[in-house]
Amino acid sequence: MSSVNKSGTYKLGDRSVRRLGYGAMQLAGKGVFGPPKDHDAAVAVLREAIAQGVNHIDTSDYYGPYVTNKLIREALAPYPDDLTIVTKIGARRGSDASWLPALAPEELEQAVHDNLKHLGLEVMDVVNLRIMFDSHGPAEGSIEVPLTALAELQRKGLVRHIGLSNVTRAQIAEGRRICDIVCVQNQYNLAHRDDDALIDELARAGIAYVPFFPLGGFSPLQSSTLSGVAERLGATPMQVALAWLLQRSPNILLIPGTSSVGHLRENLAAAELELSRDVLAELDGVAKAA
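Residues numbered from 1 in each chain as written. Predicted model: local features only at pLDDT ≥ 70, side-chain atom pairs only at ≥ 80, totals over all residues. Heavy atoms only, no water.

Novice: Describe the overall build of the protein chain, listing the residues and the values that go with them.
Specialist: Across its full length, the protein chain carries ten helices and eleven strands. Here the C-alpha atoms of the protein chain give a radius of gyration of 18 Å, agreeing with the 19 Å that 2.2 N^0.38 yields for 290 residues. Taken over the C-alpha atoms alone, the protein chain extends approximately 55 × 45 × 40 Å along its principal axes. Evaluated residue by residue, the protein chain yields a buried proportion of 54% over its 290 residues. Considering only contacts within the protein chain whose residues lie at least 6 apart along the sequence, 74% involve residues at least 24 apart. Here the protein chain has roughly 12,700 Å² of accessible surface; of this, 49% comes from carbon and sulfur atoms. Here the protein chain holds 28 positive side-chain charges and 34 negative ones, and the gap between their average locations is 2 Å. (Helix = DSSP H or I, 4+ residues; strand = E, 2+ residues; numbered from the N terminus. Rg over C-alpha atoms; globule rule 2.2 N^0.38 Å. Buried < 20%, exposed > 50% of the residue type's maximum accessible area, 1.4 Å probe, protein only. Contact = heavy atoms within 4.5 Å. Areas by Shrake-Rupley, 256 points an atom, 1.4 Å probe, with all protein chains shown as cover. Lys, Arg positive; Asp, Glu negative; His and termini not counted. Charge placed at Lys NZ, Arg CZ, Asp CG, Glu CD.)

Novice: Break down the packing of aromatic side chains for me, citing the residues and quoting the values.
Specialist: With the rule as written, the count across this model stands at five aromatic pairs. With a centroid separation of 5.6 Å and 90° between ring planes, the pair formed by Tyr-62 and Tyr-63 is classed as edge-to-face. In this structure, Tyr-62 and Tyr-63 share a single accessibility class: buried. With centroids separated by 5.8 Å and ring planes inclined at 90°, the aromatic side chains of Tyr-62 and Trp-99 adopt a geometry described as edge-to-face. Taken as a pair, Tyr-62 in the loop between strand E4 (56-58) and helix H2 (67-76) and Trp-99 in strand E7 (residues 99-101) lie far apart in primary sequence, 37 residues in all. Using a relative accessible area of 7% as the deciding quantity, one classes Tyr-62 as buried. (Phe/Tyr/Trp six-rings, centres within 6.5 Å; stacked < 30°, edge-to-face > 60°.)

Novice: Residue-level account of the side chain of Asp-58, with values.
Specialist: With respect to the helices and strands, Asp-58 occurs in strand E4. Asp-58 gets classed as buried once you look at its relative accessible area, which sits at 3%. One polar contact links Asp-58 to Lys-88, side chain to side chain, over a distance of 2.9 Å. A polar atom in the side chain of Asp-58 sits 3.0 Å from the side chain of Gln-185. Excluding anything up to four places from it in sequence, Asp-58 contacts Tyr-22, Gly-23, Ala-24, Tyr-63, Val-86, Lys-88, Asn-128, Gln-185 and Ile-255. (Polar contact = N/O pair within 3.5 Å; in protein donor to acceptor, adjacent residues only side chain to side chain.)

Novice: Any details on the environment of Ala-111? Residues and values, ideally.
Specialist: One can find Ala-111 in helix H3 (residues 105-119). Residues Ala-111 and Tyr-62 lie 49 residues apart in sequence; the distance between their C-alpha atoms is 8.9 Å.

Novice: Any details on unusual backbone geometry? Residues and values, ideally.
Specialist: Generally, phi is negative for residues other than glycine and the peptide bonds are trans, each holding for most cases. The omega torsion across Gly-64 and Pro-65 is -10°, close enough to zero to call that bond cis. Along the chain, the position of Pro-65 falls in the loop between E4 and H2. Geometrically, the link from Ala-77 to Pro-78 is a cis peptide bond, its omega value of -5° lying close to zero. In this fold, Pro-78 is placed in the loop between H2 and strand E5 (84-89). At Val-32, a residue that is not glycine, the phi angle is positive and equals roughly 60°. Within the secondary structure layout, Val-32 lies in the loop between strand E3 (22-23) and helix H1 (39-51). Accessibility expressed as a relative area gives 5% for Val-32, which makes it buried. Phi angles above zero are rare outside glycine, and Phe-213 is one such case at about 55°. Mapped onto the fold, Phe-213 is located in the loop between strand E11 (208-209) and helix H7 (224-233).

Novice: Before we move on, can you summarise the pairing of strand E1 (residues 9-12) with the specific residues and values?
Specialist: Residue alternation in E1 divides its side chains into a buried set, Tyr-10 and Leu-12, and an unburied set, Thr-9 and Lys-11. Where E1 lies against strand E2 (residues 15-18), four bridges are found, and the strand directions are antiparallel. Looking across to E2, one finds that Tyr-10 is bridged to Val-17. (Pairing = 2+ DSSP bridges.)

Novice: Outline the packing of helix H4 (residues 144-155) against helix H5 (residues 169-178), listing residues and values.
Specialist: Relative to each other, H4 and H5 sit at 35°, their axes nearing to 10 Å. Crossing of H4 over H5 shows right-handed handedness. Residue-level inspection shows Glu-144, Leu-147 and Thr-148 of H4 in contact with H5, the latter providing Glu-174, Gly-175 and Ile-178. The class makeup of the residues in the contact of H4 with H5 is two nonpolar, two polar and two charged. (Axes fitted to C-alpha atoms, helices over the stretch in contact; angles between N-to-C directions. Left-handed = near helix turned anticlockwise from the far one by under 90°. Nonpolar A, V, L, I, M, F, W, Y, C, P; charged D, E, K, R; others polar.)

Structure representation (structure tokens):
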């Protein structure tokens, strides 16, 4: 049995995925803009992920832009039957690599068609609507107009399932009145735990929670407690951080990203770690100190 299988599974709509997946963002160039530094290495990472048993890949056409989706198609098409590819729409990239909102209905429709074209698919398994009301994180405001537009694309058969990204609890409630929501993708990790209560609420509703920046993102997690636990367990700090997330709640799906085959294997090996109750309590102190 591969390490990934030991992570367990959870539902994304009618799809069952292993809880340890892969996020493709880091396959693009510096700042998630432009082509990868090493094209062949990027292709190798994607193929190794599948070889290791990953069947959940997170991507977006605005990574690059267009770079990661084209790499995924080159590396993996024709796709394995059990592979679930999740994309997100609601943003675009400026010529200066800036991240800009793109939430108008016509922008969302074009984004879905672009994702389908670059991935070589006829229908997207899951499309997350990323809300860009504030560049620093979730911000209140109605999501009815963009989500209704995405739900219409679902009705037309271009999208199987819909998720939300960078959203508040109120926006999730509003979204669930408009259409079925199969997942929520917000920032969450060992040190950034604003969504603690929300994760438990979503678990009770059978909705997956997919933390982005599970390892800290552009500012990797730094903690003497985390490093100390990792040293005692003979693991890396990042493996411990991922193992903590896997044990935090059964509805958490992980999509750590990397452009290195070696780091990919390290990340996936986190499924082998079993953290004791005492270790979990010790790690919970990281958020209090942050």
